[in-house]
Amino acid sequence: MSTPDDTLAALRGRRVVLCVTGGISAYKAVEVCRRLVDAGAHVAPVLTDDAQRFVGAVTFSALASEPARTSLFDAAEPIPHTRLGQQADLIVVAPATAKVIGKYAHGISDDLVSATLLATRAPVLVAPAMHTEMWEHPAVVDNLATLRARGVHVIDPEEGRLAGGDIGAGRLAAPERIVEAAARVVARDGDLTGLRVVVTAGGTREPIDPVRYIGNRSSGKMGFAIANAAAARGADVVVVATVRRPAHPRVRVEPVDTAEQMAAATLAAAATADAVVMAAAVADFRPKAAADTKIKKADGVPEIVLEPTPDILALLGERKRADQYLVGFAAETDDVRANAASKLSAKRVDLMVGNDVRSGDSGFEVDTNRAVLLDAHGGVDEPGLVTKVALADLILDRVRDARRPHEGAHA
Ligand code: CTP
């Protein structure tokens, strides 16, 4: 008999609803079920009709902590979906088909799995599995982005052999990875409750005239990943942003354009914040005077005189309260670690996240990042190439570890 190791300890004694939907990889959900039970979780399985075409409910009943449910209308229980959802500590959907992802993103409930997903406040982990064409379809991509922004956790499928002998992205993540992800979700659930977090996101736009500006390539993906993850973990979040992106319902978005506006909004919000994360790419210089009307080509090449903008992070560092945690980003094209280290001390931050913005899979516009985390105590962490969502959680782990809310601090 296997014993749960430390990474799975968070699952012990937790109620997990395991939702199985209809894909060829439904048989792997049997292994997910067994591993959850081995880790000490109380597992309640729910199968859709389609799932039962691939795998039998009786298999799950035999392995799980209670009999598998398959219908909204099981005679003994008039409203199983609300009971399951209310009592759950975690809901895992594995495998999650394009169909259940679409229904969940659009609030459609027509069976016990989709009803349970809507009738819960517990964290949800979705493990998609489908053919590559479906996985890459814009409808599925959009639905998953919607769910992620709402705080739903997604464990991406792997590349590999798919049904029918095809090879590509879309294969269900390995059962042990799903169970490890489940443990991380449970361990982080509500761990930032009571914290006030301010995040900045996107690149500032410094006007040249009413139609043109000086900008940069920042997409705001990293900042929104942090804001949404913080909200999903229970924090009260303000994101001061130059871009619009899907936001968790508990994230308050303060739209700004320029460095000046971002400075005003961020410094005001920071006064009562427990943590501030400067993920925005703030312009260092702006045109000294923006033209009131559109500059015309016929008037010749304009001479644009620049002046410095406020360094928001440096100002935050000067004003930082002893109980406030300050995170900066260092966007670098060379010597990432050394440059990030000098910004760490110059701007008096607690954590500096140095990232290489020149490689194709890291930095601006992409969904992944390769970062080095430098803290004020000399600690160095290099998580390698990870999704921005995963990096967001690693940064927020530092916030949590440094600053747990004091009782009554915000009375
Ligand atoms: N930052 C800021 N205000 C500015 C410029 C930068 O708050 N006017 C913040 C960024 O949000 C980031 C950190 O400072 O968290 C580092 O930004 P970066 O652009 O990497 O460094 P700079 O200080 O601008 O230095 P350089 O451009 O010389 O690399």
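Draft legend 1. Broad picture of the overall build of the chain. For the chain, the helix and strand inventory stands at 14 helices and 19 strands. The globule rule puts the C-alpha radius of gyration for 411 residues at 22 Å, and the 24 Å found for the chain is close to it. Overall, the C-alpha framework of the chain stretches about 75 × 55 × 40 Å when taken along its three principal axes. Counting only contacts in the chain whose residues sit at least 6 apart along the sequence, the fraction spanning at least 24 positions is 65%.

Draft legend 2. How the structure looks around the site of the ligand. Taken together, 16 residues lie near the ligand, and Ala280, Leu313, Phe329, Lys343 and Lys347 sit nearest. Residue Pro310 places a main-chain N or O atom 2.9 Å away from a nitrogen atom belonging to the ligand. Here an oxygen atom of the ligand sits 2.8 Å away from a polar atom, N or O, in the main chain of Leu313. Contact with the protein chains removes 78% of the 570 Å² of surface that the ligand exposes when unbound.

Draft legend 3. The arrangement of the sheet that holds strand S19 (residues 380-387) in detail. Here we have 8 strands laid out as an open sheet, ordered S12-S11-S8-S13-S16-S17-S18-S19, and mixed in their pairing. The sheet terminates laterally at strand S12 (251-255) and S19, the two strands that pair on one side only. Adjacent strand axes in the sheet meet at a mean angle of 20 degrees, parallel and antiparallel pairs treated alike. Along the sheet face, helix H12 (residues 312-319) touches strand S13 (275-278), strand S16 (325-332) and strand S17 (351-356) and points at about 155 degrees away from the line of S16. Here helix H14 (residues 388-402) sits on the sheet in contact with S13, S16, S17, strand S18 (368-375) and S19, set at roughly 145 degrees to S19.

Draft legend 4. Structural context of the sheet that holds strand S2 (residues 42-47). The parallel open sheet is built from 5 strands, whose spatial order is S2-S1-S3-S4-S5. Across the chains shown, the open sheet's two edge strands, defined by having one partner strand only, are S2 and strand S5 (153-154). Bridge count between strand S3 (residues 90-96) and strand S4 (residues 124-128): 4 bridges; the pairing is parallel. Counterpart to Ile91 in the pairing with S4 is Val124. Its contacts with the sheet place helix H1 (residues 26-38) against strand S1 (15-20), S2 and S3, and it is angled at close to 175 degrees to S1.

Draft legend 5. A look at the pairing of S17. A large share of S17 lies buried, amounting to 5 of its 6 residues. One crossover worth recording links S16 to the parallel S17 by way of helix H13 (residues 336-346), and it is right-handed.

Draft legend 6. Main features of the nonpolar core. With 37 residues, the main nonpolar core has Leu11, Leu36, Phe60, Val92 and Ile178 as its most contacted residues. Elements with a minimum of two residues in this core: S1, H1, S2, helix H3 (57-63), S3, S4 and helix H9 (175-188). When residues of this core are assigned to their parent elements, the largest contribution, 7 residues, is made by H9. Discounting chain neighbours no more than four positions away, the residues touching Leu11 are Val16, Leu36, Ala39, Gly40, Ala41, Val179, Ala182, Ala183 and Val186. In terms of nonpolar packing, the next biggest core, distinct from the first, is built from 35 residues, Phe224, Ala279, Leu373 and Val386 among them.

Draft legend 7. Main features of the environment of Gly223. Its place among the elements puts Gly223 in helix H10 (residues 221-232). Along the sequence, Gly223 and Ala26 sit 197 residues apart, while their C-alpha atoms lie 35 Å from each other.

Draft legend 8. Structural context of the pattern of salt bridges. Considering all chains together, one arrives at 32 salt bridges under this definition. Salt-bridge contacts for Arg15 lead to Glu66; the nearest nitrogen and oxygen are separated by 3.1 Å. In this pair, Arg15 is assigned in strand S1 and Glu66 in the loop between H3 and helix H4 (80-87), connecting sequence segments 51 residues apart. Looking at Arg15, the relative accessible area reads 25%, which means it is partly exposed. Judged by relative accessible area, Glu66 falls into the buried class, the value being 14%.

Draft legend 9. Here's a closer look at the pairing of S16. Within S16, 7 of the 8 residues are buried, which leaves it mostly tucked inside the rest of the structure. Sheet topology note: the S13/S16 ladder contains 4 bridges and is parallel. Bridged to Met278 within S16 is Gly328.

Draft legend 10. Layout of the packing of H10 against H14. The contact between H10 and H14 brings their axes to 8 Å, and the two run at 55 degrees. It follows that H10 is oblique to H14 by the angle criterion. For H10 against H14, the interelement crossing comes out right-handed. Counted together, Lys221, Met222, Ala225, Ile226, Ala229 and Ala230 of H10 and Lys388, Val389, Leu391, Ala392, Asp393, Ile395 and Leu396 of H14 form the full contact between these two elements. In terms of residue class, the contact of H10 with H14 is built from 10 nonpolar, no polar and 3 charged.

Draft legend 11. Highlighting the packing of helix H5 (residues 98-105) against helix H8 (residues 138-149). Relative orientation of the contacting elements H5 and H8 amounts to 50 degrees, with a least axis distance of 9 Å. In terms of their interaxial angle, H5 and H8 are classed as oblique. For the pair H5 and H8, the crossing hand works out as left-handed. Side by side, H5 and H8 meet where Ala98, Ile101, Gly102, Tyr104 and Ala105 of the first sit next to Val140, Asn143, Leu144, Thr146 and Leu147 of the second. Among the residues forming the contact of H5 with H8, the class breakdown is 7 nonpolar, 3 polar and no charged.

Cut-off values and rules
- Residues numbered from 1 in each chain as written.
- Predicted model: local features only at pLDDT ≥ 70, side-chain atom pairs only at ≥ 80, totals over all residues.
- Heavy atoms only, no water.
- Helix = DSSP H or I, 4+ residues; strand = E, 2+ residues; numbered from the N terminus.
- Rg over C-alpha atoms; globule rule 2.2 N^0.38 Å.
- Contact = heavy atoms within 4.5 Å.
- Near = heavy atom within 4 Å.
- Polar contact = N/O pair within 3.5 Å; in protein donor to acceptor, adjacent residues only side chain to side chain.
- Areas by Shrake-Rupley, 256 points an atom, 1.4 Å probe, with all protein chains shown as cover.
- Pairing = 2+ DSSP bridges.
- Axes fitted to C-alpha atoms, helices over the stretch in contact; angles between N-to-C directions.
- Buried < 20%, exposed > 50% of the residue type's maximum accessible area, 1.4 Å probe, protein only.
- Right-handed = clockwise from strand over helix to strand, strands pointing away.
- Core = buried A, V, L, I, M, F, W, Y, C linked by side-chain atoms within 4.5 Å.
- Salt bridge = Lys/Arg side-chain N within 4 Å of Asp/Glu carboxyl O.
- Parallel < 35°, antiparallel > 145°, perpendicular 65-115°, else oblique.
- Left-handed = near helix turned anticlockwise from the far one by under 90°.
- Nonpolar A, V, L, I, M, F, W, Y, C, P; charged D, E, K, R; others polar.

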